[in-house]
Amino acid sequence: LTASLVASVGTVRFDEVSKQVSWRVGKLPKDRTPKLTGTFSIDDITAQRARVAGPLSFSFLADFTIPGYAASGLRVPEIRLSQEIYQPYKGIRFTTKAGSFHVRT
């Protein structure tokens, strides 16, 4: 399996041993939508063996995490803590995390 991938934002890497794609977007740009495009190819020998077994079909799993971003638009203007003996950190950290998506072709 080989991959030819292009990311409009960030860096993309395909590990040929584990067959995994890693796409690091970094900070989300406001002026354009991050997009990952490309193709996956199998060699002719593998394709011929697969055709003997039946029709070819491919699937992949996708998940993502966006630290520092709240997809819901949730804002926390104030937090009040009482009866705490330590000095709390003043701030909120957001993370958006998706479940796993299984895509079949």
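As a reminder, the structure under discussion sits directly above these lines.
Computed from a predicted structure; not experimentally measured. Per-chain numbering applies: the sequence of each chain, read as written, is numbered from 1 onward. Only residues with pLDDT of at least 70 get local features here, since the model is predicted, and only at 80 or more are side-chain atom pairs given and counted; chain-wide, interface and lining totals rely on the full set of residues. Where side-chain values are given, they derive from all heavy atoms of the structure, hydrogens and water being excluded.

**What about the overall build of the chain?**
Formally: By the criteria applied, helices consist of DSSP H or I runs no shorter than four residues and strands consist of E runs no shorter than two, each listed in order from the N terminus. Throughout, the radius of gyration refers to the C-alpha atoms, and the reference size of a globule is 2.2 Å times the residue count to the power 0.38. The buried label applies to any residue whose accessible area, calculated with a 1.4 Å probe on protein chains only, is under 20% of its type's maximum; exposed applies above 50%, and partly exposed to all values in between. Areas reported as accessible are Shrake-Rupley estimates using a 1.4 Å probe. Residue values count occlusion only from the protein chains shown. Residues scored as charged are limited to Lys and Arg (positive) and Asp and Glu (negative), so that His and the chain ends carry no count. Lys charges are placed at NZ, Arg charges at CZ, Asp charges at CG and Glu charges at CD.
Each helix and strand counted, the chain has 1 helix and 8 strands in total. The helix and strand sequence of the chain, counted from the amino end, reads β-β-β-β-α-β-β-β-β. Here the chain has a C-alpha radius of gyration of 21 Å; the compact-globule value for 105 residues is 13 Å, and the former is much larger. Dimensions along the principal axes, computed over C-alpha positions, put the chain at roughly 70 × 30 × 25 Å. Every one of the 105 residues in the chain was classed for burial, and the buried ones make up 7%. Surface exposure of the chain reaches about 9600 Å², of which carbon and sulfur atoms provide 53%. Taking the 15 positively charged and 8 negatively charged side chains of the chain as two groups, their mean positions are separated by 6 Å.

**Here we look at the environment of Glu84**
Position of Glu84 among the secondary structure elements: in the loop between β6 (65-67) and β7 (95-97). Separated by 61 residues in sequence, Glu84 and Trp23 have C-alpha atoms that sit 41 Å apart.

**Overview of helix α1 (residues 44-53)**
Burial analysis of α1 places just 1 of its 10 residues in the buried class, which makes it a mostly uncovered element. Gly54 sits one or two positions beyond α1 and adopts a positive phi of about 150°.

**A word on the pattern of salt bridges**
Heads up, the rule is: Whenever a carboxyl oxygen of Asp or Glu lies within 4 Å of a side-chain nitrogen of Lys or Arg, that contact is scored as a salt bridge.
Counting across every chain of the model gives 1 salt bridge. The closest approach of N and O atoms between Glu78 and Arg80, which form a salt bridge, is 2.4 Å. Assigned by exposure class, Glu78 and Arg80 land together as exposed.

**A short note on the packing of aromatic side chains**
Note the cut-off: Two rings from Phe, Tyr or Trp (for Trp, the six-membered ring) form a pair when their centres are within 6.5 Å of each other. A pair whose planes differ by under 30 degrees is stacked, one over 60 is edge-to-face, and the rest are tilted.
In total, this model carries 1 aromatic pair according to the counting rule given. Between the aromatic rings of Phe14 and Phe40, the centroid separation amounts to 5.9 Å while the plane-to-plane angle is 70°, which identifies the pairing as edge-to-face. Linking Phe14 in strand β2 (residues 11-15) with Phe40 in strand β4 (residues 36-41), this pair joins segments that are 26 residues apart in sequence.

**Side note on unusual backbone geometry**
Positive phi, normally seen in glycine, also occurs at Lys19, with a value near 60°. Here the phi dihedral of Gln83 falls at roughly 60°; this positive angle occurs in a residue that is not glycine. Along the chain, Gln83 turns up in the loop between β6 and β7.

**Some details on the side chain of Thr96**
The following threshold applies: What qualifies as a polar contact is a pair of N or O atoms within 3.5 Å, subject to a donor-acceptor requirement within protein and to the restriction that residues adjacent in sequence count only when both atoms come from side chains. Contacts are assigned to residue pairs that have any heavy atoms within 4.5 Å of one another.
Position of Thr96 among the secondary structure elements: in strand β7. At a separation of 3.1 Å, a polar atom in the side chain of Thr96 contacts the main-chain amide nitrogen of Ala71. Aside from chain neighbours lying at most four places away, what touches Thr96 is Phe64, Thr65, Ile66, Tyr69, Ala70 and Ala71.

**Observations concerning the environment of Lys27**
On the secondary structure map, Lys27 appears in the loop between β3 (20-24) and β4. Residues Lys27 and Pro67 lie 40 residues apart in sequence; the distance between their C-alpha atoms is 9.1 Å.

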